[in-house]
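Geometric and topological summary
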Amino acid sequence: MVSRRKKNAILGILSGLIILLVVGSCVAISVPTIKIHAPSLIFNRYTIYPFRTILEHCGSVVTWDKQRHEITIQKGSNSFNLSITTDQIQGIPIYVDNKYIGKSPLQKRLFAGKYEVVARPAGYAGSIRYLTLKAEDAKDKQIVLPVDQHSYQDFLDEIIRLGYTPIRVMDYYNHVPTTKKTIVLRHDVDVSAEYALKMAEIEQARGIKSSYYFRWSTVDPEVIKKIRAMGHEVGLHYETLAFYSEEIHLKSAQDITAAVQQELRSRLKFEIAQFKQQFGEMYTIASHGADENIRLGVTNYKAIMEGENPNDYGIIGTAYGSITEHFTYMSDVGGIWDPFPYPKLENNEGPFYILIHPIHWATSYSLQTQSP
Ligand SMILES: [Zn+2]
């Protein structure tokens, strides 16, 4: 686990560097032979590989002197047409040396020199952007590579920079005033309490409070205690219908009769009471979408809570339902932003309701295990 994480961290840092090396190096090759002393990070095939591939695509001959830690590049062009395209999502702001040059897709001529090209703000694994670097004298050769490495830290720093204030789901029900700059920030802890804790710490370091919903399979009393102590909200990520169906084997949505619905409601009330007893006061709950829900085509919210008065369940509201109608909803379900948030954040299309799953951001944690 440790070594895999370490490797991920190294690869992550490297992908972050790729763009700098790519553009800088390709464009800088205006003399027949140049030598670059390798930075300390270049020490194995993982690092040399993309670097070499890119340069070779640019028409260079690259040799790597292991002993002297030196890369030699021969031949190359001195002017490139930089064409930036993005994977599915368009309109990502592109910066060259911190200067905004436009939104993707776009073209830019770069002359000899070193450039830092960033597609920002950073997204994450599910929304990797690609950069295509095409040498003018080798039109048929294209290089496609991930543009940047991204983290939850970057995401938060960006929303702070844009002037947004995240709130918890319970704050909404407690009538905390909202503006266009409000973000209801919610997390469904589907897989790992450990990742949720890491995310909570990253938020706390920035004075952000959000809502964490734990499944019975991810509850961890120690983690919940810590997350609560940071001021975050903790609630139940309920999957009552899925549990019931696994036990009783509902064939289809038609099997959810009024009697079944009554049973589900009383089961959920019991679960909420249990959760409070074990983990402390809880104000809101969030429905979990299990495979069983997909099979039945019915959410827990729809089967149980829709039309119900949350007060009858000992809570003040639910994370689904009418709340979402008051906000621009965005999520990272399946590890892919839907919709891609940054243009909307920049265009002030708020207030927002953002659902983020700690598991989808887990690899970015490994980059910053020391300081949240
Ligand atoms: Zn879930």
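Counting restarts for each chain: residues are numbered from 1 in the order of the written sequence. Since the coordinates come from a predicted model, pLDDT governs what is reported: local features require at least 70, and pairs of side-chain atoms require 80 or more to be given and counted, while whole-chain, interface and lining totals use all residues.

**Notes on the packing of helix H5 (residues 193-204) against helix H6 (residues 221-229)**
Filter applied, for reference: Axis definition: a line fitted to C-alpha atoms, over the contacting stretch in the case of helices. Angles run 0 to 180 degrees between N-to-C directions. Secondary structure counts use DSSP, requiring at least four H or I residues in a row for a helix and at least two E residues in a row for a strand, with both numbered from the N terminus. An angle below 35 degrees is treated as roughly parallel, one above 145 as roughly antiparallel, one from 65 to 115 as roughly perpendicular, and anything else as oblique. Note on convention: near helix rotated counterclockwise from far helix by under a right angle means a left-handed crossing. Clockwise means right-handed. Here the contact rule is simple: place C-beta atoms from the backbone, and any two residues whose C-beta atoms are within 7 Å are in contact. In this classification, Asp, Glu, Lys and Arg are treated as charged, Ala, Val, Leu, Ile, Met, Phe, Trp, Tyr, Cys and Pro as nonpolar, and every other residue, Gly included, as polar.
Taken N-terminus to C-terminus, the directions of H5 and H6 make an angle of 15°; their axes are 10 Å apart at the nearest point. Judged by the angle between their axes, H5 and H6 are roughly parallel. The handedness of the crossing between H5 and H6 is left-handed. Judged by residue contacts, Ala193, Ala196, Leu197 and Ala200 of H5 engage Val223, Lys226 and Ile227 from H6. In terms of residue class, the contact of H5 with H6 is built from 6 nonpolar, no polar and 1 charged.

**Describing helix H8 (residues 258-279)**
In plain terms, the rule: Any helix carries an expected span of 1.5 Å times its number of residues minus one. Exposure criterion: with C-beta atoms placed from backbone coordinates, a residue whose C-beta has 20 or more other C-beta atoms within 10 Å is buried, one with 12 or fewer is exposed, and one in between is partly exposed. What the arc covers is the set of directions going from the helix axis to the C-beta atoms.
The terminal C-alpha atoms of H8 lie 31 Å apart, and with 22 residues this matches the ideal 32 Å at 1.5 Å per residue to within 8%. Those residues of H8 lying buried are Leu264, Leu268, Ile272 and Phe275. Burial along H8 is one-sided: seen end-on, the buried residues are contained in an arc of 80°. The exposed set on the far side of H8, more than 90 degrees from its buried face, consists of Ala259, Gln262, Ser266, Phe270, Gln274, Gln277 and Gln278. Where H8 is buried, its residues meet strand S14 (233-238), helix H7 (240-248), strand S15 (284-287) and helix H10 (300-305).

**Here we look at the nonpolar core**
Here is the rule we go by: Take the buried Ala, Val, Leu, Ile, Met, Phe, Trp, Tyr and Cys residues, join any whose C-beta atoms are within 7 Å, and the set you get is a nonpolar core.
Counting residues in each nonpolar core, the largest one holds 60 residues, and the members touching the most others are Ala196, Tyr212, Phe214, Ile227, Leu236 and Ile354. Sorting elements by how many residues they give to this core places H5 first, with 7 residues. Here Ile354 is in contact with Ile183, Leu185, Met330, Ser331 and Pro341, once residues within four sequence places are set aside.

**Overview of the packing of helix H3 (residues 152-161) against H5**
Where H3 meets H5, the closest approach of the two axes is 10 Å, and the angle between their N-to-C directions is 35°. In this structure, H3 meets H5 at a crossing whose hand is right-handed. Contacts from Tyr152, Gln153 and Leu156 in H3 reach Met199, Ile202 and Glu203 in H5. Each residue belonging to the contact of H3 with H5 can be placed in one class, and the counts come to 4 nonpolar, 1 polar and 1 charged.

**Brief notes about the pairing of S15**
Using the following cut-off: When DSSP locates at least two bridges between a pair of strands, those strands are taken to pair.
Neither face of S15 is left uncovered, since the one carrying Thr284 and Ala286 and the one carrying Ile285 and Ser287 both have all their residues buried. With 3 bridges connecting them, S14 and S15 associate as parallel partners. Of the residues in S15, the one forming a bridge with Tyr238 is Ser287. Judged from the 2 bridges that link them, S15 and strand S16 (residues 317-318) form a sheet pairing that is parallel. Following the sheet pairing, Thr284 is matched in S16 by Gly317.

**As for the confidence of the model for the chain**
To keep things clear, this is the line we draw: As a per-residue measure, pLDDT reflects the predictor's confidence and takes values from 0 up to 100.
Per-residue pLDDT for the chain has a mean of 74; in total, 60% of the residues score no lower than 70. This stretch, residues 121-149, has a pLDDT under 50; its non-local contacts, to residues over four places away or in other chains, come to 87 contacts. Ignoring residues within four places in sequence, the model shows residues 367-372, a span with pLDDT below 50, making 9 contacts including any to other chains.

**A word on unusual backbone geometry**
Cis geometry marks the peptide bond from Gly350 to Pro351, where omega comes out at 0°. Notably, His249 is not glycine yet its phi reads approximately 60°, a positive angle. Structurally, the position occupied by His249 is in the loop between H7 and H8. Taking the number of C-beta atoms within 10 Å as the measure of exposure, His249 has 8 and is therefore exposed. A positive phi angle, close to 55°, is found at Asn348, a residue other than glycine. Looking at where Asn348 falls in the secondary structure, it is placed in the loop between helix H11 (341-346) and strand S18 (352-356). Judged by the 12 C-beta atoms lying within 10 Å of it, Asn348 falls in the exposed class.

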